Amino acid sequence: MTTRRTVRFAGLAALTAAAAFSLTAFQGGSTDASASPASKDAVSISHSTDAGGAGGAKIRAGATAATETLADGSTARISKLGDLHYTAEIVSDGSVVATLEADQHDAGLDANGMYVVLGIDGEIHSWMGGEHYGPGTYELEGGWTAEVTKLGEQHYRADILDGEGAVVATLDADEQDAGLDANDSYIVLSTRGVISSSL
């Protein structure tokens, strides 16, 4: 059974069949991560599959901060900076080891085998496992397909395809990891060419 998917522009009601965007986040060896401006408008992907998996947390309405325990036992301190603008400090053993910033675009992080996505709605999601390595075509959680290509040192790109083979999003990990919150599917592409997904 094929699940119908739609791509919608964040903050707009208009639907489109396909859109591309670039996201960047954490780079190995750095303790700072941010989502850089995309070449096109940010998109979120909506589909009706209902499946379990690692949970996520988001800031409740009216609040400006929240704390969430991540898959490896570290903690994320999430702060709201504005509309579609959130940061998450990743704290381990009392020290901030990374900061994700989702500003109009989702942010992602490969933290040595733990994967984290911070969405533009303030939701954070983490998981471990599910890796695919290097260039190739891979089936992802939620029925998506990723076509990963190497563009240079610490530079990988993943086209995300729907069930009909249409490109609905592009993750660009260029010296920084990239992440996507596709509503109930989460994807991280690292600068090492590792792609992982979770529901």
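Residues numbered from 1 in each chain as written. Predicted model: local features only at pLDDT ≥ 70, side-chain atom pairs only at ≥ 80, totals over all residues. Heavy atoms only, no water.

Undergrad: Describe the nonpolar core, and please don't skip the residues or the numbers.
TA: Considering soluble globular proteins, one finds that nonpolar side chains tend to be buried as a cluster. In this structure, V148, I160, L171, L189 and I195 are the most contacted members of the largest nonpolar core, which totals 18 residues. When contributions to this core are tallied by element, the ones reaching two or more residues are β14 (145–152), β15 (155–161), β16 (167–174), β17 (178–181) and β18 (186–189). The element that contributes the greatest number of residues to this core is β16, accounting for four residues. Discounting residues that sit within four places of it in the chain, L189 has contacts with V148, Y156, R157, A158, L171, A173, D177, A178, V194 and I195. (Core = buried A, V, L, I, M, F, W, Y, C linked by side-chain atoms within 4.5 Å. Buried < 20%, exposed > 50% of the residue type's maximum accessible area, 1.4 Å probe, protein only. Helix = DSSP H or I, 4+ residues; strand = E, 2+ residues; numbered from the N terminus. Contact = heavy atoms within 4.5 Å.)

Undergrad: If you had to explain unusual backbone geometry to someone new, which residues and values would you point to?
TA: We note that L84 has phi near 55°; this positive angle belongs to a residue other than glycine. Despite not being glycine, Q104 has its phi angle at roughly 70°, a positive value. Note that Q104 resides in the loop between β8 (95–103) and β9 (107–111).

Undergrad: Summarise the sheet that holds β14; cite the residues concerned and give the values.
TA: If you trace the four strands from one edge of the open sheet to the other, you get β13-β14-β15-β16, paired in antiparallel fashion. Looking at strand neighbours, the two that pair on one side only are β13 (136–139) and β16, the edges of this open sheet. Averaged over all pairs of adjacent strands, the angle between strand axes in this sheet comes to 20°, irrespective of strand direction. Direction of pairing for β15 relative to β16: antiparallel, over a ladder of seven bridges. Each residue of the ladder has a partner; that of I160, found in β16, is A169. (Pairing = 2+ DSSP bridges. Axes fitted to C-alpha atoms, helices over the stretch in contact; angles between N-to-C directions.)

Undergrad: Can you lay out the sheet that holds β18 for me, pointing to particular residues and giving the numbers?
TA: In space, the four strands of this open sheet follow the order β12-β19-β18-β17, with antiparallel pairing throughout. At either margin of the open sheet sits one strand with a lone partner, and together these are β12 (131–133) and β17. Neighbour-to-neighbour, the strand axes of the sheet open up by a mean angle of 15°, direction not taken into account. As judged from the three bridges shared by β12 and strand β19 (residues 194–198), these two strands associate in the antiparallel manner. The partner of E131 across the bridge, within β19, is S196.

Undergrad: Describe in detail the environment of A173, supporting the description with residues and values.
TA: Structurally, A173 can be placed in strand β16. You can call A173 buried: its relative accessible area is 0%. Taking the C-alpha atoms as reference, A173 lies 6.0 Å from S190; in sequence the two are 17 residues apart. Sequence-distant contacts of A173, defined by excluding residues within four places in its chain, comprise Q154, H155, Y156, A178, L189, S190 and T191.

Undergrad: Provide a residue-level description of the pattern of salt bridges, including the pertinent values.
TA: Inspection of the entire model under this criterion finds four salt bridges. Across the salt bridge formed by R192 and D110, the nearest N and O atoms sit 2.5 Å from each other. On the criterion of sequence distance, the pair formed by R192 in the loop between β18 and β19 and D110 in strand β9 is long-range, its members being 82 residues apart. Residue R192 is classed as exposed on the basis of its relative accessible area of 51%. Residue R157 pairs with D172 through a salt bridge whose shortest N-O separation is 3.5 Å. In this pair, R157 sits in strand β15 while D172 sits in strand β16, placing the two residues 15 residues apart along the sequence. According to the relative accessible area criterion, D172 is buried, its value standing at 11%. (Salt bridge = Lys/Arg side-chain N within 4 Å of Asp/Glu carboxyl O.)

Undergrad: Describe the side chain of H85, naming the residues involved and giving the relevant values.
TA: Mapped onto the elements of the fold, H85 is located in strand β7 (residues 85–92). You can call H85 buried: its relative accessible area is 17%. Setting aside residues up to four positions removed in sequence, H85 forms contacts with S79, K80, E101, A102, D103 and I120.

Undergrad: Quick rundown of the environment of V96? Include the residues and the values.
TA: Structurally, the position occupied by V96 is in strand β8. By relative accessible area, V96 is classed as partly exposed at 39%. A sequence separation of 22 residues divides V96 from S74, and the C-alpha atoms of the two residues are 9.9 Å apart. Here V96 is in contact with R77, E89, I90 and V91, once residues within four sequence places are set aside.

Just geometry here; none of it tells us what the structure is for.
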